[in-house]
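The primary structure of each chain is shown beneath.
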Amino acid sequence: MSRVATDQARRGSIGRGMSAAIRYALLLAGVWITLFPFVWMVTSSLKLPQHLFDPGLIPSPATLGNYADIFAKAPFGRWIANTAAVAAITTASVLVFDTAVGYVLAKFSFAGKKIIFLFIISTLMVPTEMLIIPWYLLASQLHLADTYAGLLLPGLITAFGIFLMKQFMESLPSELLDAARIDGLSEWRIFAHIAVPLVKPAIVTLAILSFISGWNQFIWPFIVLQTETKYTLPVGMVYFSSELKDNSGWIQIMAGATVSVIPLILVFLVFQKRILQGIALTGMK
Amino acid sequence: MIANAIRQSARAGRRLLSIRLTYKTQRYLFIYLMLALPLLYFIGTRLVPIVYSFNISVREWDVLSPDKPYVGLANFKGLFADEVFRKSIGNTFLFVAVGVPGQLAAGLAVALLLQSVTRFRGFFRTVYFIPYVTSIVAVSWVFRWLLMPNGWVNAALLKLGLDAQLFLQSPHQAPYVIALSMIWQSVGFQMLIFITGLQGIPNVYYEAAHIDGAGPWRRFRHITIPLLNPVILFSAVIAGISYLQAFAQIVSMTQDGGPLNSTRTLVFHIYKLAFKSFEMGSASAATVVLFVLILAFTLLQLKVLNRKVEY
């Protein structure tokens, strides 16, 4: 009830004169602008080369031949596997460490806590680009250039995730943790068996967000990887696309773009509620 | 009897103390064990590299040679004497100047529109957010394809009786096209932040203003905007930093930051210096410039936008 009342009052805050029909029309126009590039990408990728410049949206005849072509021409299968593996490993590591640090920073008081938190958060301000050169030199020195270890190294613990988990962990009732202490549970057990299960929704949010950013990350993989078979999808896409310039090339580029974009859109659609909640939470506090 | 009792209570006291001690040790052991590895990690992968960057920025180094002679501020002087570097700074500012207001305005417009309708909100929110989760590289190639001289957009323009445009081939249009593609990709994120902010504004303000006879524009101007100020500030900083760092778009949508270096950004310039011409000193100096820009930008925004609002 109150929700409805709120909506009614808020509605006055912009253009009372604007009718509902106009508002929906504007929103739908926005939907078209948002989705059209993806629609055009997919339909282009299903066209025969000679129909490339047909303005029609629906390809006739439709073909999956372009997908067969790109998988034959470049190691797209390998790139998909690489990207998924990199995103998954990064996510696993981020979950373990960011959850632990977020918990300690939220639920304990100890000497140096404030400085440690500020230090971690301030690393968010440093542009990745500033770190790339030293990272690259370090990776070369450790013989980690052009390896997955080198690729994974900078993203194993994230300040963003620590911040997110700290926000969630702070809402855990301290009385509950103290009760467990009185019952004689060790700190490890309290963390693993009480705290972690209670913030499961936050952990899921963090998992999805870091999977998405791991999948899409570009500049570091672009610098550190040199062997074609080791590329991730975004890096592969750059090299693959730069070599194709003729018309059938464009069709294949659209097929490649579809392959790198659609899996993530599906992940997002499945988990969208959690993702939007997580971003709203970190965005605000 | 009494002696016995005293002895017993002393023992109990000692036991209590030893439990407290072990509990305290256990607690600290737990805290520092949980923090040790992550702290070392942040020092190793963030703090040390930053210090290293500052150090290399005052040296001359081509990666291969064993020594890195100290050259003072020569790298910085060299950078600012270089026309291409100055151009890349200008372009980067252009991205920020177009992108930040554009993204905030578009995001706020969508958020307000969404607040003003009652149905399909979830649907709209989800759809608008989709571009944000997709790979910049893939999306950039799609835009390139749509905007090519004989691409879909020009075909549509011709059909409407308008002139075809050069878009990414024109040094005048290309930077704006790229900024627009970045706005397109982040509107959903911006919308979400604003929705959360709008929900935090107590409704009584609107009701009171309504009773006092304030029209929609005045309510927007005098309630929504001032109360949204912290959110606008936060968003302007986050957005500004992301436009200062434009890179993947440049690699994917342009030929080497062209045409005529019109889309060459600071980060792209850094990339060229470090990984194409191996001038590590100059490249590090350029990253220091980027760092200072981001810092200055954040502080400036805090100052300008954080003026106290009187209610």
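J.: Help me understand the overall build of chain A, please; the structure alone is not making it clear to me.
T.: Secondary structure assignment for chain A yields 14 helices and zero strands. N-terminal to C-terminal, the α/β element order of chain A is α-α-α-α-α-α-α-α-α-α-α-α-α-α. The C-alpha atoms of chain A give a radius of gyration of 24 Å, which is well past the 19 Å a tight globule of 285 residues would have. In terms of overall dimensions, chain A has C-alpha extents of about 75 × 65 × 35 Å along its principal axes. Looking at chain A as a whole, 38% of its 285 residues qualify as buried. Taking the intrachain contacts of chain A between residues at least 6 apart in sequence as the baseline, contacts between residues at least 24 apart amount to 79%.

J.: I would appreciate a short explanation of the overall build of chain B in the present structure.
T.: Broken down by element type, chain B carries 13 helices and zero strands. The principal-axis extent of the C-alpha atoms belonging to chain B is close to 110 × 75 × 35 Å. Taking all 311 residues of chain B together, the buried fraction comes to 40%. Within chain B, contacts between residues at least 6 apart in sequence are counted, and of these 70% link residues at least 24 apart.

J.: What am I meant to see in the nonpolar core here?
T.: Where a protein is soluble and globular, its nonpolar side chains tend to be buried together. Counting residues in each nonpolar core, the largest one holds 146 residues, and the members touching the most others are Ala 257 of chain A together with Val 142, Ile 270, Ala 286 and Leu 290 of chain B. In this structure Ala 257 of chain A touches Met 41 and Met 237 of chain A together with Ala 138, Trp 141 and Val 142 of chain B, once residues within four positions along its chain are discounted.

J.: What's the story with the interface of chain B and chain A in this structure? I'm lost.
T.: One frequent convention defines the size of an interface as the accessible area lost when the parts assemble. Counting residues at the interface gives 75 residues for chain B, matched by 76 residues for chain A. With 17 residues, the single largest contributor to the side of chain B that touches chain A is helix α1 (residues 2-56) of chain B. Partitioning the side of chain B that touches chain A into residue classes produces 52 nonpolar, 18 polar and five charged.

J.: Sorry if this is basic, but what is going on with the domain arrangement of chain B here?
T.: One can read the domain layout of chain B as domain 1 (1-56) and domain 2 (76-305). The centre of domain 1 of chain B, based on its C-alpha atoms, is set 46 Å off from the matching centre of domain 2 of chain B.

J.: Teacher, can you tell me more about the domain arrangement of chain A here?
T.: Residues and elements named next belong to chain A. Its domain assignment divides chain A into domain 1 (15-67) and domain 2 (75-284). Every element with two or more residues in the side of domain 1 that touches domain 2 is listed here: α2 (20-45) and α3 (65-73). In terms of residue class, the side of domain 1 that touches domain 2 is built from six nonpolar, three polar and one charged.

J.: When you look at the environment of Gly 257 of chain B in this model, what are you seeing that I'm missing?
T.: All names here are of chain B. Of note, Gly 257 is situated in the loop between α11 (248-253) and α12 (266-275). You can call Gly 257 buried: it has 22 C-beta atoms within 10 Å. In sequence terms Gly 257 and His 269 are 12 residues apart; their C-alpha atoms lie 8.8 Å from each other. Not counting the four nearest positions on each side in its chain, Gly 257 is found in contact with Ile 250, Thr 263, Arg 264 and Phe 268.

J.: How should I be thinking about unusual backbone geometry in this particular structure?
T.: A cis geometry characterises the amide bond from Gly 258 of chain B onward to Pro 259 of chain B, with omega recorded as -5°. Positive phi, normally seen in glycine, also occurs at Asp 146 of chain A, with a value near 60°. Considering the arrangement of structural elements, one finds Asp 146 of chain A in the loop between α6 (128-141) and α7 (148-152). Judged by local crowding, Asp 146 of chain A falls into the partly exposed class, with 14 C-beta atoms found within 10 Å.

J.: Is there a simple way to explain helix α10 (residues 229-244) of chain B in this structure?
T.: Given 3.6 residues per turn, any residue in an α-helix points the same way as the ones three and four places further on. Across its 16 residues, α10 of chain B extends 22 Å between first and last C-alpha, which sits within 8% of the 22 Å expected from 1.5 Å per residue. Of all the positions in α10 of chain B, only Val 231, Ser 235, Ala 236, Val 237, Ala 239, Gly 240, Tyr 243 and Leu 244 of chain B are classed as buried.

J.: How should the environment of Tyr 52 of chain B be read in this particular structure?
T.: All names here are of chain B. With respect to the helices and strands, the residue Tyr 52 is situated in helix α1. Under the C-beta neighbour-count criterion, Tyr 52 is labelled partly exposed, with 17 such atoms within 10 Å. Sequence-wise, Tyr 52 and Ser 186 are 134 residues apart; in three dimensions their C-alpha atoms are separated by 33 Å.

J.: Explain the environment of Ala 111 of chain A here, please?
T.: Inspection of the secondary structure puts Ala 111 of chain A in the loop between α4 (76-107) and α5 (113-122). Here the alpha-carbon distance between Ala 111 of chain A and Ile 203 of chain A, two residues 92 residues apart in the chain, equals 27 Å.

J.: So what exactly am I meant to see when it comes to the confidence of the model for chain B here?
T.: Predicted coordinates in areas of low pLDDT are best not read in detail. Scored by pLDDT, chain B has a mean of 89; 92% of the residues are at 70 or more. Across the predicted assembly, pTM comes out at 0.87 and ipTM at 0.87.

J.: Explanation requested: the confidence of the model for chain A in the structure shown.
T.: Residues and elements named next belong to chain A. The pLDDT averaged across chain A works out to 87; a share of 91% of its residues lies at or above 70. Within chain A, helix α1 (residues 2-11) has the poorest average pLDDT of any element, 46, and α4 the best, 96. Counting contacts from residues 1-9, a segment whose pLDDT is below 50, to residues more than four positions away or on other chains yields five contacts.

What counts and how
Residues numbered from 1 in each chain as written. Chains lettered and ligands numbered in written order. Predicted model: local features only at pLDDT ≥ 70, side-chain atom pairs only at ≥ 80, totals over all residues. Helix = DSSP H or I, 4+ residues; strand = E, 2+ residues; numbered from the N terminus. Rg over C-alpha atoms; globule rule 2.2 N^0.38 Å. Buried ≥ 20, exposed ≤ 12 C-beta atoms within 10 Å, placed from the backbone. Contact = placed C-beta atoms within 7 Å. Core = buried A, V, L, I, M, F, W, Y, C linked by C-beta atoms within 7 Å. Nonpolar A, V, L, I, M, F, W, Y, C, P; charged D, E, K, R; others polar. Domains from an automatic or database assignment. Expected span 1.5 Å × (residues − 1). pLDDT = per-residue confidence, 0-100.

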